[in-house]
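Survey of secondary and tertiary structure
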Amino acid sequence: MKFVSTRGQTEALSFTEAVAVGLAPDGGLFLPQKLPDLTPHLAKWEGLGYTDLAFEFLSLFATDLEPAVLRDIVQRTYGTFAPAETIAPLRKLDGNLYVLELFHGQTLAFKDFALQLLGHLYEHQCVESGQGINVLGATSGDTGAAAIHGLLGKPKTAIFILYPEGRVSPLQERQMTCTGAANVHAIAIDGSFDDAQRVLKEVFADQDFAAKHGLSAVNSINLARVLGQCIYYLSAWLRVPAAERSNVEFVVPTGNFGNVFAGWLLARMGLPVRGFKVATNRNDILHRLFNTAEYRSEAVHPSLAPSMDIQVASNFERFLYYALDENPTRVKAVMAQIKATGVYRFDVLNKAAFSSSRATDEEITAIIRQVYDRYHYIVDPHTACAFKELNPARTSVVLATAHPAKFPDAIKAATGQTPTHPTLEALKARPIVKHRLPADAAAIKAFIAQHAV
Ligand SMILES: *Cc1c(COP(=O)(O)O)cnc(C)c1O
């Protein structure tokens with residue numbers, strides 16, 4: 001299996017190569033050259049445990065890894081979710097309403113699925129090449145924490161995460177700064193998230209520096225993240241009663257479009273489901289897109305669901321590739337237009353592809369309260385968005401993307417309860433280790449040069 005860029009100017013790469021590169025050199029994102037057909041596999045995957053299912057699924061893509069190596073990577077990846085039977089539990093709330101809990105990983109958010117896998121793939125690459133790797137990223141919260149925990153304590157690996165001082169939640173900051181691991185460098189910069197991203201770009205733009213230190217970017221666009229996310233959709237679908245499976249609608253709290261895109265890709269590979277629903281908060285670029293066929297980015301507004309406060313959905317380009325009949329020339333032109341004008345209007349957008357909804361902060365609070373009253377179940381503010389306008393004619397599988405204990409204030413305001421989690425309580429007892437630096441590329445480069453492996 002080879003992987004091609006959505007912009008068509010990069011030669012096709014193997015799985016390992018595409019994972020190592022991350023972003024394609026032509027600026028595009030990697031996708032399988034030809035999607036496999038899952039239809040013949042589904043019956044024999046029935047009843048597999050999560051790790052075995054992950055191995056079988058990834059085997060279709062990671063064809064350049066020895067099966068024993070892949071099995072080992074997969075086992076170590078999902079071994080970090082404890083206990084094993086709760087890797088991605090499917091909980092029934094009501095007749096045809098299920099919640100897929102994706103918050104049992106180390107940082108209690110669904111990003112652990114993709115970033116634990118990516119961390120173990122990087123580790124394998126270091127062992128193979130004998131070279132160290134220095135991972136650099138900017139975060140407004142969850143991605144940084146999950147990336148850090150994906151690489152925590154790994155040999156020949158260092159991770160540098162920039163975040164805006166005072167602008168991530170206290171628990172998110174603790175997840176990044178209380179790890180106690182020597183290879184983790186949490187850098188609180190004086191400035192906003194945009195400043196952090198700008199500095200990151202400036203550091204990477206110094207190609208000599210990036211090459212000298214083997215710098216690699218953490219971001220939401222690595223191919224392995226998409227594939228790692230496909231597995232929990234498959235696992236959930238296989239556990240819904242057979243008679244209901246073709247009526248399943250996955251309802252996905254969405255920001256960068258990475259999570260829901262993974263599910264949609266499975267449907268393109270032949271998984272027979274009814275559809276996907278994109279649930280946004282007040283930052284509703286994708287909700288507007290699926291209602292009006294127009295992609296138009298606007299200013300970002302802070303919300304109770306901060307990991308979805310996004311107006312440029314970075315994985316959108318992958319969907320665009322298929323929407324434009326896998327024509328990379330058109331993808332390139334459309335991406336250039338979006339970059340220049342912030343707007344793109346589709347001639348034909350198959351609306352059947354996604355349904356969508358949007359929830360304001362007031363609605364998020366009301367939903368958390370309603371779900372608690374009705375089912376005695378607490379959802380976090382991101383997951384709450386998915387409960388807006390559920391379609392009673394479908395079997396809805398709501399993806400719960402974060403543990404409610406990560407957002408104690410919002411939950412308390414809605415329900416009067418303060419959810420806790422032992423992992424978060426343990427963090428509160430540990431010292432915060434962070435480096436305060438100015439939002440200045442020279443200062444960041446000097447720090448990296450000093451601490452790189
Ligand atoms: C990142 C994140 C999302 C959004 O996922 P995308 O893949 O960016 O669409 C939703 N909920 C939580 C808790 C997240 O951390």
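Our subject is the structure that appears above.
Residues numbered from 1 in each chain as written. Predicted model: local features only at pLDDT ≥ 70, side-chain atom pairs only at ≥ 80, totals over all residues. Heavy atoms only, no water.

1. Comments concerning the overall build of the protein
Counting its regular elements, the protein contains 19 helices and 15 strands. Radius of gyration (C-alpha) of the protein: 21 Å, near the 22 Å computed for a compact globule of 453 residues. If you line up the protein on its principal axes, its C-alpha atoms span 60 × 50 × 50 Å. Considering only residue pairs separated by 6 or more positions, the protein has 73% of its internal contacts joining residues 24 or more positions apart. Of the roughly 17,800 Å² that the protein leaves accessible, carbon and sulfur atoms contribute 51%. Of the charged side chains in the protein, 43 are positive and 44 negative; the average position of the first set lies 2 Å away from that of the second. (Helix = DSSP H or I, 4+ residues; strand = E, 2+ residues; numbered from the N terminus. Rg over C-alpha atoms; globule rule 2.2 N^0.38 Å. Contact = heavy atoms within 4.5 Å. Areas by Shrake-Rupley, 256 points an atom, 1.4 Å probe, with all protein chains shown as cover. Lys, Arg positive; Asp, Glu negative; His and termini not counted. Charge placed at Lys NZ, Arg CZ, Asp CG, Glu CD.)

2. Focus on the site of the ligand
In the vicinity of the ligand lie 15 residues, with Lys-111, Asp-142, Gly-255, Asn-256 and Thr-401 positioned nearest. Residue Gly-255 places a main-chain N or O atom 2.8 Å away from an oxygen atom belonging to the ligand. Contacts to the ligand include Asn-256, whose backbone N or O atom sits 2.7 Å from an oxygen atom. Starting from 390 Å² of accessible surface for the ligand in isolation, the protein chains cover 96%. In the shell around the ligand, the residues fall into 5 nonpolar, 8 polar and 2 charged. (Near = heavy atom within 4 Å. Polar contact = N/O pair within 3.5 Å; in protein donor to acceptor, adjacent residues only side chain to side chain. Nonpolar A, V, L, I, M, F, W, Y, C, P; charged D, E, K, R; others polar.)

3. Things to note about the environment of Thr-341
Relative to the assigned elements, Thr-341 resides in helix H14 (residues 328–341). Owing to a relative accessible area of 48%, Thr-341 belongs among the partly exposed residues under this scheme. Separated by 45 residues in sequence, Thr-341 and Arg-296 place their C-alpha atoms 8.7 Å apart. A polar contact is formed between the side chain of Thr-341 and the backbone oxygen of Gln-337, at a distance of 2.8 Å. Among the polar contacts listed, one links the side chain of Thr-341 to the backbone oxygen of Val-343, at a separation of 3.1 Å. (Buried < 20%, exposed > 50% of the residue type's maximum accessible area, 1.4 Å probe, protein only.)

4. Digging into the packing of aromatic side chains
Tallied over the full model, the rule gives 29 aromatic pairs. Look at Phe-261 and Trp-264: their rings are 5.8 Å apart centre to centre, the planes differ by 35°, and that puts the pair in the tilted class. With Phe-261 and Trp-264 both in helix H11 (residues 258–268) and 3 residues apart, the pair spans about one turn of that helix. Classification of Phe-261 as buried rests on a relative accessible area of 0%. Looking at Trp-264, the relative accessible area reads 11%, which means it is buried. With 4.9 Å between their ring centres and 75° between their planes, Tyr-344 and Phe-346 make a pair best called edge-to-face. Judged by its relative accessible area of 8%, Tyr-344 is buried. (Phe/Tyr/Trp six-rings, centres within 6.5 Å; stacked < 30°, edge-to-face > 60°.)

5. Some words on the environment of Ile-187
Its place among the elements puts Ile-187 in strand S7 (residues 184–190). Accessibility expressed as a relative area gives 0% for Ile-187, which makes it buried. On a C-alpha basis, the gap between Ile-187 and Leu-437 in space is 6.7 Å, while along the polypeptide they are 250 residues apart. Once you skip the residues sitting within four places of it in the chain, Ile-187 turns out to touch Phe-160, Ile-161, Leu-162, Tyr-163, His-435, Leu-437, Ile-444 and Phe-447.

6. As for the side chain of Lys-277
Here Lys-277 shows up in strand S10 (residues 275–280). It is Glu-389 that comes nearest to the buried, bridge-free Lys-277 among opposite-charge side chains, at 5.2 Å. Of note is the side chain of Lys-277, whose polar atom sits 2.6 Å from the backbone oxygen of Glu-389. Beyond its immediate stretch of four places on either side in the chain, Lys-277 contacts Glu-249, Phe-250, Val-251, Val-252, Ser-355, Ser-356, Ser-357, Lys-388, Glu-389 and Leu-390. (Salt bridge = Lys/Arg side-chain N within 4 Å of Asp/Glu carboxyl O.)

7. Regarding the sheet that holds S10
Pairing is mixed in the open sheet, where 6 strands are placed in the order S3-S4-S14-S9-S10-S13. Across the chains shown, the open sheet's two edge strands, defined by having one partner strand only, are strand S3 (90–94) and strand S13 (354–358). When the angles between neighbouring strand axes are averaged without regard to direction, this sheet yields 25°. The sheet contacts of H11 involve strand S9 (248–253), S10, S13 and strand S14 (395–400), and relative to S10 the element is tilted by about 170°. (Pairing = 2+ DSSP bridges. Axes fitted to C-alpha atoms, helices over the stretch in contact; angles between N-to-C directions.)

8. What about the packing of helix H3 (residues 50–59) against helix H4 (residues 67–79)?
Where H3 meets H4, the axes come as close as 9 Å, and the angle between the chain directions of the two elements is 135°. Considering their axes alone, H3 and H4 lie oblique with respect to each other. Note that H3 runs across H4; the crossing there is right-handed. On H4, the residues that touch Tyr-50, Thr-51, Asp-52, Ala-54, Phe-55, Leu-58 and Ser-59 of H3 are Pro-67, Leu-70, Arg-71, Val-74, Gln-75 and Tyr-78. Looking at the contact of H3 with H4 residue by residue, the class counts come to 8 nonpolar, 3 polar and 2 charged. (Parallel < 35°, antiparallel > 145°, perpendicular 65-115°, else oblique. Left-handed = near helix turned anticlockwise from the far one by under 90°.)

9. Here's the deal with the sheet that holds strand S8 (residues 215–217)
Judged by pairing direction, the sheet is parallel, and its 5 strands sit side by side in the order S8-S5-S6-S7-S15 without closing on themselves. Unpaired on one side and paired on the other, S8 and strand S15 (435–438) mark the two borders of the sheet. The sheet shows a mean angle of 30° between the axes of neighbouring strands, taken without regard to direction. The strands touched by helix H7 (residues 170–177) are strand S6 (157–164) and S7; relative to S6, the strand with the most contacts, the crossing angle is about 160°. Those strands touched by helix H8 (residues 193–205) are strand S5 (133–138), S6, S7 and S8, and its axis lies near 145° from that of S5.

10. Focus on the pairing of strand S4 (residues 97–101)
Among the 5 residues in S4, 5 count as buried, and that is most of the element. Of the two faces of S4, the one lined by Leu-97, Val-99 and Glu-101 and the one lined by Tyr-98 and Leu-100 are each fully buried. If you look at the hairpin formed by S3 and S4, you'll find 2 residues sitting between the two strands. With 5 bridges connecting them, S4 and S14 associate as parallel partners. Residue pairing in the sheet places Tyr-98 in a bridge with Val-397 of S14.

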